[in-house]
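Results of the structural survey
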Amino acid sequence: MPVSDYQMVKAWDEVLKLSKVERGQKVSILCGPHTHPQTLQTATIAAQAAGAVVTRIELQPINAEKAPSRDLMNYLGETPLTNNPVALAAMKNSDIVLDLMLLLFSPEQMEILESGTKILLAVEPPEVLVRAVPTEADRERVLAASKLLKAARKMHVTSPAGTDVTFKLGDYPTISEYGFCEEPGRWDHWPSGFLFTFANEGGSDGTIVIDRGDILLPQKNYVSDRITMHLREGFVRSIEGDIDAALLREFMEAYKDPEAYAIAHIGWGMQPSCYWHTLSLVDREATSGQDARAFEGNFLFSLGPNNEAGGPRTTPCHLDIPLRNCTVKLDDVVVVRDGKVIDEAFQ
């Protein structure tokens, strides 16, 4: 369904209000040739209407010869902002950066945040953005869950498909995403509504079964046959299955980087406005798959870099893999049971 400019401006108005954008503040809008024109135009209008001083920064893409596809998350770490001190200085001198390009897992993003500038990533198509406008209630719910995750020292995940895996916790911070940036130096992603931490180094052991209908990102595919991953001491040691497993192995091998097989962030989704079926209805070139990442009750694990949380791994290979129907236990507390979030656990 097409989205009107009016709807998009209203959505941006709400997100900027939640992000405490005020008159006289400096808003930089980071974009590229792939940025959705309606998202860019309506963000500009909304920021101007809020009384902000708005600057657009358009950067040209890089790494086309290295990335296996056009997906924005297919080759991470080095971005168009790399070796661009002029653009970097402008963003560090802003109150908030609206990232319509995607800087994720880059050292430049870390440097911008350390300066106190807020960053809000928004690269989903307009129809997803207007459907999943964040609320203060989203923030409160995710933060309540994050207190439990922050205190936990073990996560145990099981599923009817055969997943049985344990992650040791405590060495890395808990990160909460709810779709807006109300504090200096905060990064968030619209839409979102999930939380995660990173497993301790060497602290992931067991089996993960990616079942039929689960999703691989950045492939943006529903799995057609089961993929079984065996984990030992923090790394995936084998990937077993049929054609989907073979394609996944080939994808990861293309990076020629052993760090690609390391367990990275782990957590679960809490956004009821995100849908599992969305990926079957939209242009895969137009989405990053955020519906699947934030889908309420999923178990989301990733492979690859952990520098986002202060870890040492910076591999450009990054996989996000959300699973349905899992049970997630923190120490002795069940927070997701058979794919349903247990809100009583956070009260």
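The structure displayed is predicted, hence computed values, not measured ones.

Attention now moves to the packing of aromatic side chains. Given two aromatic rings, their pairing is described by the distance between the two centres and the angle made by the two planes. Summed over all chains, the structure comprises ten aromatic pairs. Plain terms: the ring middles of W276 and F295 are 5.1 Å apart, the flat faces sit at 65° to each other, and that makes the pair edge-to-face. Within this pair, whereas W276 is found in the loop between β15 (263-269) and α8 (290-294), its partner F295 is found in the loop between α8 and β16 (299-303), the two being separated by 19 residues in sequence. In this structure W276 comes out as buried when scored by relative accessible area, which is 8%.

Take the domain arrangement of the protein chain next. Each assigned domain of the protein chain is listed here: domain 1 (5-123) and domain 2 (133-345). Relative to domain 2, the C-alpha centre of domain 1 lies at a distance of 24 Å. On the domain 2 side, the residues contacting the 27 residues of domain 1 number 30 residues. Of the roughly 2700 Å² buried between domain 1 and domain 2 on both sides combined, carbon and sulfur atoms contribute 65%. Counting every contact that joins domain 1 to domain 2 gives eight residue pairs in polar contact (both at pLDDT 80 or more). Elements supplying a minimum of two residues to the side of domain 1 that touches domain 2: α1 (5-18), α4 (107-114) and β4 (118-121). With five residues, the single largest contributor to the side of domain 1 that touches domain 2 is α1. Considering only residue class, the side of domain 1 that touches domain 2 consists of 17 nonpolar, five polar and five charged.

Attention now moves to the sheet that holds strand β13 (residues 227-232). Taken together, eight strands build an open sheet; the order of strands is β14-β13-β10-β6-β5-β18-β19-β20 and the sheet is antiparallel. The open sheet has two free edges, formed respectively by β14 (235-241) and β20 (340-341), since each of these has just one partner strand. Along the sheet, helix α7 (residues 243-253) contacts β13 and β14; its crossing angle with β14, the most-contacted strand, is approximately 145°.

A word on the packing of α1 against helix α2 (residues 37-49). For the pair α1 and α2, the least separation of the axes is 8 Å and the interaxial angle reads 55°. With respect to their mutual orientation, α1 and α2 come out oblique. Of the two possible hands of crossing, α1 and α2 adopt the one that is right-handed. Along the contact surface, α1 presents D5, M8, V9, W12, D13 and L16, while α2 presents Q38, T39, T42, A43, I45, A46 and A47. Residues of the contact of α1 with α2, tallied by class, amount to eight nonpolar, three polar and two charged.

So, on to the pairing of β13. Sheet topology note: the strand β10 (residues 204-210)/β13 ladder contains five bridges and is antiparallel. Bridging from a neighbouring strand, T207 pairs with H230 of β13. Examined bridge by bridge, β13 and β14 share six bridges and lie antiparallel to one another. Its bridge partner being in β14, L231 is matched across the sheet by V236.

Once that is clear, we can look at unusual backbone geometry. For the bond from W190 to P191, the omega torsion is 0°, close enough to zero to count as cis. Checked against the element boundaries, P191 lands in the loop between β8 (187-189) and β9 (194-198). Of note, the amide linkage connecting L217 to P218 takes the cis form, showing an omega dihedral of 20°. Tracing the sequence through the fold places P218 in the loop between β11 (215-216) and β12 (221-222). In this structure, K20 is a non-glycine residue whose phi angle is positive, near 60°. Of note, K20 is situated in the loop between α1 and β1 (26-31). Looking at K20, the relative accessible area reads 48%, which means it is partly exposed. The backbone phi angle of K256 is positive, close to 50°, even though this residue is not glycine.

Conventions and cut-offs
Residues numbered from 1 in each chain as written. Predicted model: local features only at pLDDT ≥ 70, side-chain atom pairs only at ≥ 80, totals over all residues. Heavy atoms only, no water. Phe/Tyr/Trp six-rings, centres within 6.5 Å; stacked < 30°, edge-to-face > 60°. Helix = DSSP H or I, 4+ residues; strand = E, 2+ residues; numbered from the N terminus. Buried < 20%, exposed > 50% of the residue type's maximum accessible area, 1.4 Å probe, protein only. Domains from an automatic or database assignment. Contact = heavy atoms within 4.5 Å. Buried area = accessible area lost by both parts, 1.4 Å probe. Polar contact = N/O pair within 3.5 Å; in protein donor to acceptor, adjacent residues only side chain to side chain. Nonpolar A, V, L, I, M, F, W, Y, C, P; charged D, E, K, R; others polar. Pairing = 2+ DSSP bridges. Axes fitted to C-alpha atoms, helices over the stretch in contact; angles between N-to-C directions. Parallel < 35°, antiparallel > 145°, perpendicular 65-115°, else oblique. Left-handed = near helix turned anticlockwise from the far one by under 90°.

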